[in-house]
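# Observations on the model geometry
Next come the chains, spelled out residue by residue.
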Amino acid sequence: MLLERAALGDHAAFAVLVERHGPSLYRYARRLLPSAQDAEDAVQDALTAAWLGAEGYRGDAGVRTWLFGIQTNCVRRAARRRAHVPSPVDDPGEGPAAGRAAPGDDPVERLLVTDLRAALDRALLDLPGPQRAVWLLVEVEGLSYADAAHALRTSHAAVRGALERARHTLSRRFAAWR
Amino acid sequence: MALNDDAPPPGADLLDLAVAQLRTHTDAGWVAVAPRLLASALAAVRPTQPVRGRHPHGAYTVTAGALRTSVRALLDPDPRLRVRRVVFRTGHDDVLEEALVEVSAAYLQPLAPLAADVRRTVLHHLRDVLGDPDLPGALVAVDLLVTDVHRP
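Quick caveat: nothing in here was measured; it's all calculated off a predicted structure. Numbering of residues starts from 1 in each chain and follows the order in which that chain's sequence is written. Chains carry letters from A onward and ligands carry numbers from 1 onward, assigned in written order. Per-residue local features of the predicted model are confined to residues with pLDDT of at least 70, and side-chain atom pairs are confined, for both listing and counting, to 80 or more; whole-chain, interface and lining totals are unaffected and use all residues. Neither water nor hydrogens contribute to the side-chain values; these are computed over all heavy atoms in the structure.

### Digging into the overall build of chain B
Defined as follows: Secondary structure elements are defined from DSSP: runs of H or I of at least 4 residues count as helices, runs of E of at least 2 residues count as strands, and each element is numbered from the N terminus. Three labels apply to residues, based on accessible area from a 1.4 Å probe with only protein chains included: buried if under 20% of the type maximum, exposed if over 50%, partly exposed otherwise in between. Two residues form a contact once any of their heavy atoms are found within 4.5 Å. The accessible surface values rely on the Shrake-Rupley method and a 1.4 Å probe; as for residues, cover is taken only from the protein chains in view.
For chain B, the helix and strand inventory stands at 4 helices and 5 strands. Reading the helices (α) and strands (β) of chain B from amino to carboxyl end gives α-α-β-β-α-β-β-α-β. Classification of the 152 residues of chain B by burial places 38% in the buried group. Restricting to contacts in chain B with at least 6 residues of sequence separation, those with at least 24 account for 56%. Carbon and sulfur atoms provide 58% of the accessible area of chain B, an area that totals close to 8500 Å².

Rendered as structure tokens:
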């Protein structure tokens, strides 16, 4: 419904879509591209393409899958434009609330969470780009194998195979993380 | 068969914990740029065909996109319906030949009177915007497609 409204020129409806899916699209792009600037550019391209292409959406995939399909194309174009020099995500906090503890928040636990997430971001660099994309879409963004295959324009079997290899690699990295 | 064949690989528990954290994480980079990215996307101009209008002093064109937005804004306040799609077809010299309005009707809403009202409202609006009070109703067919129902 929101995408239909956006196709009719409803800015507010599109803003809701961006609020809902933007963080996921950025999280995905950031972990596939070398820098925050690259991710920002790729997400900008994806959101613009989604706004311009809203009228063409026919519902053959869910809206989220459709958006990740567009984002994947934009990430691939960005990666081709630049020599890919992977670098870990350097994310100092969690937005405006960074550094502010919630009541009852355990600072030690918060530090562990941040370290664990940073370790995961570093471990992701061990995965080849296509495996990383599959793993992010399925494990982090919660897409089904079929939806991930649709977004990545590949087969269900390819998604399954890439995911198994990715899980194996990442588990081995975390076995050494203590 | 080894007894531990079904055991998760070493590191899997920590990996699962890390993944759970990443799933709920919003990058600071997104928070910093989100308003700007949204504004830039909305500023992009959709390609759209022109529709010819008439004025005593000459002709002008209106984009189909602007017409679509105006029809949506016109019908939105009506609680009997929800606009789903608006399509215009133009012919030679960008003259409007057909307008298609697709709506979802509210549950239990009588459909024939609703269709007549939408047709009348949209036709009046198009005549006004395109500067042609004589725009024939038969020539400009406003078709109502009830593709869904909803509770108001």
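Structure shown, so let's carry the discussion forward.
### Focus: the interface of chain A and chain B
Bring the parts together and some accessible area is lost; that lost area is often taken as the interface size. Stated formally: Once two parts are joined, some of their accessible surface, as seen by a 1.4 Å probe, is lost; buried area is that loss totalled over both. Each salt bridge in this description consists of a side-chain nitrogen of Lys or Arg and a carboxyl oxygen of Asp or Glu lying within 4 Å of one another. In protein, a polar contact requires one atom able to donate a hydrogen and another able to accept it; more generally it is a pair of N or O atoms within 3.5 Å, and residues adjacent in sequence count only if both atoms are side-chain atoms.
At the junction of the two partners, chain A supplies 48 residues and chain B supplies 39 residues. Between chain A and chain B, roughly 4100 Å² of surface is buried when both sides are summed, and carbon and sulfur atoms account for 63% of that area. In terms of surface lost to chain B, no three residues of chain A exceed L8, Y26 and E40 of chain A, which account for 15% of the buried area on that side. Summed over the shared surface of chain A and chain B, the number is 7 salt bridges. If you look at where chain A meets chain B, you find 17 residue pairs in polar contact (both at pLDDT 80 or more). When residues of the side of chain A that touches chain B are traced back to their parent elements, those giving at least two are α1 (2-7), α2 (11-30), α3 (36-53), α5 (107-124), α6 (129-140) and α8 (156-175) of chain A.

### What to know about the nonpolar core
Heads up, the condition is: We define the nonpolar core as a collection of buried residues of types Ala, Val, Leu, Ile, Met, Phe, Trp, Tyr and Cys that are connected through side-chain atoms lying within 4.5 Å of one another.
Core analysis: the biggest nonpolar cluster contains 64 residues, and F14, L120, W135 and F174 of chain A together with W30 of chain B have the highest contact counts within it. Sequence-distant contacts of F14 of chain A, that is, excluding residues within four places in its chain, are made with A6, L47, A50 and W51 of chain A together with L38, A41 and L42 of chain B.

### Points about the packing of aromatic side chains
For clarity, the cut-off: Stacked, tilted and edge-to-face are the three classes assigned to paired rings of Phe, Tyr and Trp, where Trp is represented by its six-membered ring and a pair needs centres within 6.5 Å; plane angles under 30 degrees give stacked, over 60 edge-to-face, the rest tilted. Look at NZ for Lys and CZ for Arg. If either is within 6 Å of the ring centre and within 35 degrees of the ring normal, a charge sits over the ring.
Evaluation of the coordinates by the stated rule reveals 4 aromatic pairs over all chains. Judged by centre distance (5.2 Å) and plane angle (65°), the rings of F14 of chain A and W51 of chain A are edge-to-face. Taken together, the residues F14 of chain A in helix α2 and W51 of chain A in helix α3 connect sequence positions 37 residues apart. Each member of the pair, F14 of chain A together with W51 of chain A, is buried. Lying over the aromatic face of W51 of chain A, R46 of chain B brings its terminal NZ or CZ to 3.8 Å of the ring centre.

### Examining the confidence of the model for chain A
Short version of the rule: Across the chain, each position has a pLDDT score giving the predictor's confidence in that residue, from 0 to 100.
Looking at chain A, pLDDT values average 87 and 84% of them are 70 or higher. Note that residues 93-101 of chain A has pLDDT below 50 and, in this model, 12 contacts with residues that lie over four places away or in other chains.

### Regarding the environment of D148 of chain B
All names here are of chain B. Locating D148 in the fold gives a position in strand β5 (residues 141-150). For D148, a relative accessible area of 38% corresponds to the partly exposed category. Contact partners of D148, with chain neighbours within four places excluded, come to R84, V103, S104 and A105.

### Let's talk about α3 of chain A
As a reminder of what qualifies: Between the first and last residue of a helix there are one fewer steps than residues, each counted as 1.5 Å, and that sum is the expected span.
Along its 18 residues, α3 of chain A runs 25 Å from first to last C-alpha, staying within 8% of the 26 Å computed at 1.5 Å per residue. What α3 of chain A keeps buried is the set D38, A39, E40, A42, V43, Q44, A46, L47, T48, A50 and W51 of chain A. In this fold, the buried residues of α3 of chain A make contact with α1, α2 and α4 (63-81) of chain A together with α2 (28-43) of chain B.

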